[in-house]
Amino acid sequence: MNGWLRSALTYYVNSTGRGGSTYKKFCNPTGREWGNYLARWGKFHSVGNNFHINPGCNVTDPALVRIGNNVGLSDCTLIGHDGVVALIELCYGKHLDSVGYIDIKDNCFIGHGAIVMPRVTIGPDSIVAAGAVVTKDVLPGTVVGGNPAKFICTTEALIKRVEDRCESYPWIEMVKQRKGAFDPAVEPALAAQRRQYFFGDGSNG
């Protein structure tokens with residue numbers, strides 16, 4: 001899409017709240033851009049500052065979701081209701097409701113493919129690992145993973161583990177100097193160094 005057309009569509013969508021699916025399809029917004037759009041027009045109960053959400057994230061009941069500050073959602077799923085009540089009504093004649101809130105506190109990240117079920121609070125400074133199925137509250141400052149999600153370690157321990165791993169990376173100084181978590185000016189050089197480090201020159205297949 002041409003730059004001026006993308007800018008025009010982006011402005012229209014963010015100003016009116018209309019055309020979100022078209023914006024997502026043709027403009028390929030970043031997680032930050034999509035987060036800005038949904039913070040205003042996504043019909044969440046509330047959204048804090050610095051919200052990052054991948055366009056592939058699926059939120060079934062945004063009105064039942066509260067998002068804190070500095071929250072990142074990868075291509076995960078947040079489920080606010082249980083559709084089994086439709087079957088119960090059809091087969092057993094019982095008119096029931098099964099819904100619940102999802103409350104994501106400040107400084108949290110939910111990884112790719114994770115599923116968060118209704119009636120769950122993700123405590124502040126917590127991380128939900130990729131593929132996890134969260135069926136109960138996540139304690140503050142913890143990392144959980146698995147199905148059902150269980151405690152793996154503290155967030156502080158995870159940060160230390162990643163810091164230790166980074167000490168051996170020859171590109172770590174470049175990472176420290178880049179602007180934000182993704183900097184187009186340095187990403188090609190970073191990608192080349194990573195390939196070389198992990199796979200060598202590629203002559204061995």
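Further up the page is the structure itself.
Residues numbered from 1 in each chain as written. Predicted model: local features only at pLDDT ≥ 70, side-chain atom pairs only at ≥ 80, totals over all residues. Heavy atoms only, no water.

Visitor: With reference to specific residues and values, describe the sheet that holds strand S4 (residues 65-67).
Guide: Strand order in this open sheet of four strands is S1-S4-S7-S10, and the pairing throughout is parallel. Edge positions in the sheet fall to strand S1 (46-47) and strand S10 (120-122), since each of these pairs with one other strand and no more. Where S1 lies against S4, two bridges are found, and the strand directions are parallel. The partner of Val47 across the bridge, within S4, is Ile67. (Pairing = 2+ DSSP bridges. Helix = DSSP H or I, 4+ residues; strand = E, 2+ residues; numbered from the N terminus.)

Visitor: Provide a residue-level description of the state of the cysteines, including the pertinent values.
Guide: A complete count under the given rule lists zero disulfides for this structure. Just so you know, Cys27 is unpaired, no disulfide at all, and the nearest cysteine sulfur is the one on Cys57, 20 Å from it. You can see Cys76 has no disulfide; the closest cysteine sulfur is in Cys57, sitting 3.8 Å from it. (Disulfide = S-S within 2.5 Å.)

Visitor: Summarise the sheet that holds strand S12 (residues 133-134); cite the residues concerned and give the values.
Guide: Reading across the sheet, the four strands line up as S3-S6-S9-S12 and stay open at both edges, with parallel pairing between neighbours. Across the chains shown, the open sheet's two edge strands, defined by having one partner strand only, are strand S3 (58-59) and S12. With two bridges connecting them, S3 and strand S6 (residues 77-78) associate as parallel partners. If you follow Val59 over to S6, its bridge partner there is Leu78.

Visitor: Got a sec to walk through the packing of aromatic side chains? Specific residues and values, please.
Guide: Under the counting rule described, the total for this entry stands at 10 aromatic pairs. Relative to Phe51, the ring of Phe44 has its centre 5.9 Å away and its plane inclined at 85°; by these criteria the two rings are edge-to-face. Accessibility assignment for this pair places Phe44 and Phe51 in one class, buried. Taken together, the ring pairs connect Tyr169, Trp171, Tyr197 and Phe198 into an aromatic cluster. (Phe/Tyr/Trp six-rings, centres within 6.5 Å; stacked < 30°, edge-to-face > 60°. Buried < 20%, exposed > 50% of the residue type's maximum accessible area, 1.4 Å probe, protein only.)

Visitor: An account of helix H1 (residues 3-16) is needed here, citing residue identities and associated values.
Guide: Helix length check: H1 (14 residues) gives 20 Å between terminal C-alpha atoms against 20 Å at 1.5 Å per residue, within 8%. Among all positions in H1, only Leu9, Thr10 and Val13 are buried. Summarising the axial view, the buried residues of H1 lie within an arc of 100°, below the 170-degree limit, and thus occupy one face. Set apart from the buried face of H1 by more than 90 degrees, the exposed residues are Trp4 and Tyr11. Close packing links the buried residues of H1 with helix H2 (20-27) and helix H3 (31-41). Directly after H1, the chain includes Gly17, whose backbone phi takes a positive value near 80°. (Expected span 1.5 Å × (residues − 1). Arc of directions from axis to C-beta. Contact = heavy atoms within 4.5 Å.)

Visitor: Describe a nonpolar patch on the surface, naming the residues involved and giving the relevant values.
Guide: A contiguous nonpolar surface patch, about 380 Å² in accessible area, is contributed by Tyr197, Phe198 and Phe199. Positionally, Tyr197 belongs in helix H7 (residues 187-199). (Patch = residues over 30% accessible without salt bridge, like charges linked within 9 Å, V, L, I, M, F, W, Y side chains within 5 Å. Areas by Shrake-Rupley, 256 points an atom, 1.4 Å probe, with all protein chains shown as cover. Salt bridge = Lys/Arg side-chain N within 4 Å of Asp/Glu carboxyl O.)

Visitor: Give me the packing of H2 against H3: which residues, what numbers.
Guide: Interhelical geometry of H2 versus H3 gives an angle of 175° and a closest axis separation of 12 Å. Relative to H3, the element H2 lies roughly antiparallel. Contacts from Gly20, Tyr23 and Lys24 of H2 reach H3 at Glu33, Trp34 and Tyr37. Broken down by class, the residue content of the contact of H2 with H3 amounts to three nonpolar, one polar and two charged. (Axes fitted to C-alpha atoms, helices over the stretch in contact; angles between N-to-C directions. Parallel < 35°, antiparallel > 145°, perpendicular 65-115°, else oblique. Nonpolar A, V, L, I, M, F, W, Y, C, P; charged D, E, K, R; others polar.)

All quantities given are derived from atomic positions and should not be read as evidence of function.
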